[in-house]
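Letter by letter, the chains look like this.
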Amino acid sequence: MDLNSASTVVLQVLTQATSQDTSVLKPAEEQLKQWETQPGFYSVLLNIFTNHSLDINVRWLAVLYFKHGIDRYWRRVAPHALSEEEKSSLRAGLITNFNEPINQIATQIAVLIAKVARLDCPRQWPELIPTLIESVKVQDDLRQHRALLTFYHVTKTLASKRLAADRKLFYDLASGIYNFACSLWNHHTDTFLQQVSSGNEAAVLSSLERTLLSLKVLRKLTVNGFVEPHKNMEVMGFLHGIFERLKQFLECSRSIGTDNICRDRLEKTIILFTKVLLDFLDQHPFSFTPLIQRSLEFSVSYVFTEVGEGVTFERFIVQCMNLIKMIVKNYAYKPSKNFEDSSPETLEAHKIKMAFFTYPTLTEICRRLVSHYFLLTEEELTMWEEDPEGFTVEETGGDSWKYSLRPCTEVLFIDIFHEYNQTLTPVLLEMMQTLQGPTNVEDMNALLLKDAVYNAVGLAAFELFDSVDFDQWFKNQLLPELQVTHNRYKPLRRRVIWLIGQWISVKFKSDLRPMLYEAICNLLQDQDLVVHLHLEKPHIFLNCFSPVDDFEFRTDQFLSYLETMFTLLFQLLQQVTECDTKMHVLHVLSCVIERVNMQIRPYVGCLVQYLPLLWKQSEEHNMLRCAILTTLIHLVQGLGADSKNLYPFLLPVIQLSTDVSQPPHVYLLEDGLELWLVTLENSPCITPELLRVFQNMSPLLELSSENLRTCFKIINGYIFLSSTEFLQTYAVGLCQSFCELLKEITTEGQVQVLKVVENALKVNPVLGPQMFQPILPCVFSGIIEGETYPVVMSTYLGVMGRVLLQNTSFFSSLLNEMAHKFNQEMDQLLGNMIEMWVDRMDNITQPERRKLSALALLSLLPSDNSVIQDKFCGIINISVEGLHDVMTEDPETGTYKDCMLMSHLEEPKVTEDEEPPTEQDKRKKMLALKDPVHTVSLQQFIYQKLKAQQEILGEQGFQSLMETVDTEIVTQLQEFLQGF
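Since we're looking at a predicted model, the values are computed, not measured.

Peer 1: When you look at the overall build of the chain in this model, what are you seeing that I'm missing?
Peer 2: When you go through the chain residue by residue, the secondary structure sums to 49 helices and 2 strands. In summary, the chain has a C-alpha radius of gyration of 39 Å against a globular reference of 30 Å for 980 residues, an excess of more than 25%. If you line up the chain on its principal axes, its C-alpha atoms span 120 × 85 × 70 Å. The buried share among the 980 residues of the chain stands at 54%. Partitioning the intrachain contacts of the chain with sequence separation of at least 6 by distance along the chain shows that 74% fall at a separation of at least 24. Accessible surface, the chain as shown: approximately 43,800 Å² in total, 50% of it carbon and sulfur. When the 84 basic and 122 acidic side-chain charges of the chain are each reduced to a single mean position, those positions are 6 Å apart.

Take a look at the structure:
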């Protein structure tokens, strides 16, 4: 591409590509895409975006195309890679002038230079760093700033490389330029501090920008540029100097207004100082040891004493607290239980920590955290009153503890209390003691202090286990406080119910639960208070309905409150508006349904009617839909067979959630599959709509995801529910999917596939083998070839046992097919199969499958086939093994009976702790009544088969056959067959 002739054309197309008119925009984008691989294109782009007279939007687009081109075509091995000549020319052009007037474009140019540096510096671009160093020294403000901006992005990019060779290059670079970087930073910092008092806001802002950028460079060099930074005097000098600089910058905040750009940049610089310390501590804990004392002194003085008054701001306090927390919790600073096993570095750091955290210091930190930082502010109280849901959602954001003051103070309190609980427990107990009894509702300060102390007691529940008689405190102090109805007491009631929720899983007598249920009902009935409850962390409800350790939920205690509680929670679900709150209320409702199971049935009508509306309203909120799915899972389990009435809503929900062609499946699939499974397990009969949902299964099997196990359970559910209709409709496609899966799936996956086939053969001995015929040759081959994985071989034998025992004609046709495949006689192949079966019998561990094997092989008798007679000994050996497995002796009569026999459907006695049987459980019991394993006496079957064999061969021939069996086996057989 000729630069002179092409520049005009490219400029024209770039101009068209900035158009809002799609008829102009699309062809221009296509043309630019075609030019991406043309030699000289990026040189043209460089000329365009460095031409300050051109339209800003065109220049911006040129920079972006250049940047994307680096990712795609700069590497030597990339398809259509740029030539070395063009790259050399481009590198030279990029660092010729640092004079870009537009900030956004200047940033993009700095980023693209950094991208090139990542690939080429220092080997192909040795002049980059020296050029940047020279450029940041110039007196021209604009050039200096742009060079410094580029210097930062290049350093940041090079610091992020992780290969050993790249790390070594960065270490060399850091050693070479660290002294200069420190000097640069000190120069700009001193300039800023001198200018602060001048009143020239533009000059102050300019020097502050340079201070910030040079500090960003130093941060990357300090944290990532040295293997053992504590051995470098310059690095440690810079880190020790941070504390003095921080003091200077904090003092500057007094003379800079609270609402301007300078203030914003100043706070960013202060925060960046703390980030340097936090990053260094994280990456080099032992190198940080000399800084522990100074860091703790500095942070504690500014956060927990009067030193910080008037100069600190929230984000700075948070950073200081994070610094304290990281030092307290750092595993590198914690000695082993056996001190002699600890490294000298660990012991040194631990010694510094212990020397700092004296009793007075810890006491002051604890008291200040609780009585100052835990106090609800006027702003928080107002927000809570006006928008309680918004307040609680904001208060409990994901990583809020890292960035927001309240969560950060709570995490720091928990960590310090855990580390120094012996020292701090008496302090907190004393604070509790001073707040016993009711609090004057007119004294808002006292109410807020009690709220703060209760917060601390809740957070430290596990540490206070042995120090607080919570049962007595609950009865004498907390319950009465829940009954105070004054408006000003609302925050405290909210805190009390949260506090109980914290403690109930730690220490709470089961006998007190009815009193708690009563209190919860009263709170839920107070409609003015109900949305102010701590439902965003529903410990109180979840722990009431879930067994935690020894604190078991007792249904009998709860049943008298069930209707009231469920109704009020449902009203709350309708009342709240935030998605997060609805999710949490649904979670609580799900827990209630799960705990009381079928006893929920009389009360769920309202919820059943409301959920379709909520599902429709939550179309854009997938996480809320996940909560609805979880609720439906428990609802179906609670309703049992009656869940069929939900199908008009339930089945479309399952259909959408498990359809991989629908975008929401990414969020809904796991819960959707679980709902599908419990729906099948509780379904009293198949319906056309329920059968139709299975159309979603084939793509799910192709995914081969972690949900495959649930998919197999669903397939089994259909087989147990309606094998004939299901197999006739879907077996062909399912068999194809299984054949594909078996080629690439794990051993465990193969077993799951084969278990489905085995279940189909068990449930439908006629149709099953026909429908899964393509898989059975693979099973037969696996047996003949001696599959090495015991669990797979066991399943192969289970499948073949079903065919041999329950569908003899199909087994004969399969044997004939396999004889052709192996080019053997049928009798010879049958003999090989029996021999392998006998040899691998020990692979089978399940008693049912062992008995099945004995029955299946015995079913070959009586026979005058010489091959079968030749394997007679092995068949009898397996049969006697089976007898040992299943026969139990009646102590009264001294006779044996088959313990696997089932003569009638026994209704199991279900205890309160057990789940009632599902419809699928009942179907499996009915199936067992038809299964030869449970209906045929092995003892009697052996006797009948031996007698028939004797009749074929005659007495002498039969005796000759029995003589092939080991005498000890014959003796055991005779013992089992006594009485026949």
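Peer 1: Sorry, what's going on with the state of the cysteines here?
Peer 2: Where two cysteines share a covalent bond between their sulfur atoms, that bond is called a disulfide. Across all of its chains, the model carries 0 disulfides by this definition. Cys320 provides the cysteine sulfur closest to Cys408, a residue in no disulfide bond, and the two sulfurs are 9.7 Å apart. With no disulfide partner, Cys711 has as its closest neighbouring cysteine sulfur the one in Cys626, 16 Å distant. Overall, the relative accessible area of 1% leaves Cys711 in the buried class.

Peer 1: Looking at this structure, how should I read helix α4 (residues 56-73)?
Peer 2: The periodicity of an α-helix, 3.6 residues per turn, causes residues three or four places apart in sequence to face the same way. Between the first and last C-alpha of α4 there are 25 Å, a value that for 18 residues agrees with the 26 Å anticipated at 1.5 Å per step. Taken together, the buried positions of α4 are occupied by Val58, Arg59, Leu61, Ala62, Val63, Leu64, Tyr65, Phe66, Lys67, Gly69, Ile70 and Tyr73. Capping the start of α4 is the job of one residue whose side-chain oxygen sits 3.0 Å from the backbone nitrogen of Asn57: Asp55.

Peer 1: In this structure, what is going on with the packing of aromatic side chains? I would like to understand it.
Peer 2: The geometry of an aromatic ring pair is captured by the separation of the ring centres together with the interplanar angle, meaning the angle of the planes. According to the stated counting rule, one finds 38 aromatic pairs in the structure shown. A ring pair is formed by Tyr178 and Phe226, whose centres lie 5.3 Å apart and whose planes are at 85 degrees; its orientation type is edge-to-face. Of this pair, Tyr178 sits in helix α9 (residues 164-195) while Phe226 sits in the loop between α10 (201-224) and α11 (233-252), and the two are 48 residues apart along the sequence. Owing to a relative accessible area of 0%, Tyr178 belongs among the buried residues under this scheme. A relative accessible area of 9% means that Phe226 is categorised as buried. On the numbers, 5.4 Å between centres and 40 degrees between planes, the contact of Phe413 with Phe417 is tilted. Taken together, the residues Phe413 and Phe417, both in helix α20 (residues 405-419) and 4 residues apart, mark about one turn of the helix. Chaining the aromatic ring pairs together yields one cluster made of Trp35, Phe41, Tyr42, Phe49, Phe66 and Tyr73. Taking the ring centre of Trp498 as reference, the NZ or CZ of Arg495 above it sits at 5.0 Å.

Peer 1: Can you walk me through the nonpolar core in this structure?
Peer 2: Where a protein is soluble and globular, its nonpolar side chains tend to be buried together. In terms of nonpolar packing, the biggest core is built from 328 residues, with Phe413, Trp676, Ile715, Tyr718 and Phe738 touching the most fellow members. In terms of residue count, helix α36 (residues 708-744) provides more of this core than any other element does, 17 residues in total.

Peer 1: How should I be thinking about the pattern of salt bridges in this particular structure?
Peer 2: Two side chains that carry opposite charge are able to pair once their charged atoms sit near each other. Within the structure shown, the criterion is met by 38 salt bridges. Linking Lys137 and Glu134 is a salt bridge whose minimum nitrogen-to-oxygen distance equals 3.6 Å. Taking relative accessible area as the criterion, Glu134 reaches 48% and is therefore assigned partly exposed. It is possible to trace a salt-bridge network through shared partners that takes in Arg76, Glu84 and Lys87.

Peer 1: Looking at this model, I keep getting lost on the side chain of Ser618. Mind explaining?
Peer 2: Along the polypeptide, Ser618 turns up in the loop between α30 (605-617) and α31 (622-639). Here Ser618 is in contact with Leu624, Arg625 and Ile628, once residues within four sequence places are set aside.

Peer 1: Would you mind going over the packing of helix α3 (residues 41-49) against helix α5 (residues 84-94) with me for this structure?
Peer 2: When two helices pack together, their arrangement is given by the angle between the helix axes and by the axis-to-axis distance. Two numbers describe how α3 lies on α5: the axes approach to 10 Å, and their chain directions differ by 10 degrees. By the criterion of interaxial angle, the relationship of α3 to α5 is roughly parallel. Together, Phe41, Tyr42, Ser43, Leu46 and Phe49 of α3 and Glu86, Leu90, Gly93 and Leu94 of α5 make up the contact between the two elements. Its residues placed into classes, the contact of α3 with α5 shows 6 nonpolar, 2 polar and 1 charged.

Peer 1: Looking at this structure, I do not really get the environment of Tyr789. What am I missing?
Peer 2: Tracing the backbone through its elements, the reader meets Tyr789 in the loop between α39 (776-784) and α40 (790-806). By relative accessible area, Tyr789 is classed as partly exposed at 48%. Separated by 450 residues in sequence, Tyr789 and Phe339 place their C-alpha atoms 48 Å apart.

Rules of the game
- Residues numbered from 1 in each chain as written.
- Predicted model: local features only at pLDDT ≥ 70, side-chain atom pairs only at ≥ 80, totals over all residues.
- Heavy atoms only, no water.
- Helix = DSSP H or I, 4+ residues; strand = E, 2+ residues; numbered from the N terminus.
- Rg over C-alpha atoms; globule rule 2.2 N^0.38 Å.
- Buried < 20%, exposed > 50% of the residue type's maximum accessible area, 1.4 Å probe, protein only.
- Contact = heavy atoms within 4.5 Å.
- Areas by Shrake-Rupley, 256 points an atom, 1.4 Å probe, with all protein chains shown as cover.
- Lys, Arg positive; Asp, Glu negative; His and termini not counted.
- Charge placed at Lys NZ, Arg CZ, Asp CG, Glu CD.
- Disulfide = S-S within 2.5 Å.
- Expected span 1.5 Å × (residues − 1).
- Polar contact = N/O pair within 3.5 Å; in protein donor to acceptor, adjacent residues only side chain to side chain.
- Phe/Tyr/Trp six-rings, centres within 6.5 Å; stacked < 30°, edge-to-face > 60°.
- Lys NZ or Arg CZ within 6 Å of the ring centre and 35° of its normal.
- Core = buried A, V, L, I, M, F, W, Y, C linked by side-chain atoms within 4.5 Å.
- Salt bridge = Lys/Arg side-chain N within 4 Å of Asp/Glu carboxyl O.
- Axes fitted to C-alpha atoms, helices over the stretch in contact; angles between N-to-C directions.
- Parallel < 35°, antiparallel > 145°, perpendicular 65-115°, else oblique.
- Nonpolar A, V, L, I, M, F, W, Y, C, P; charged D, E, K, R; others polar.

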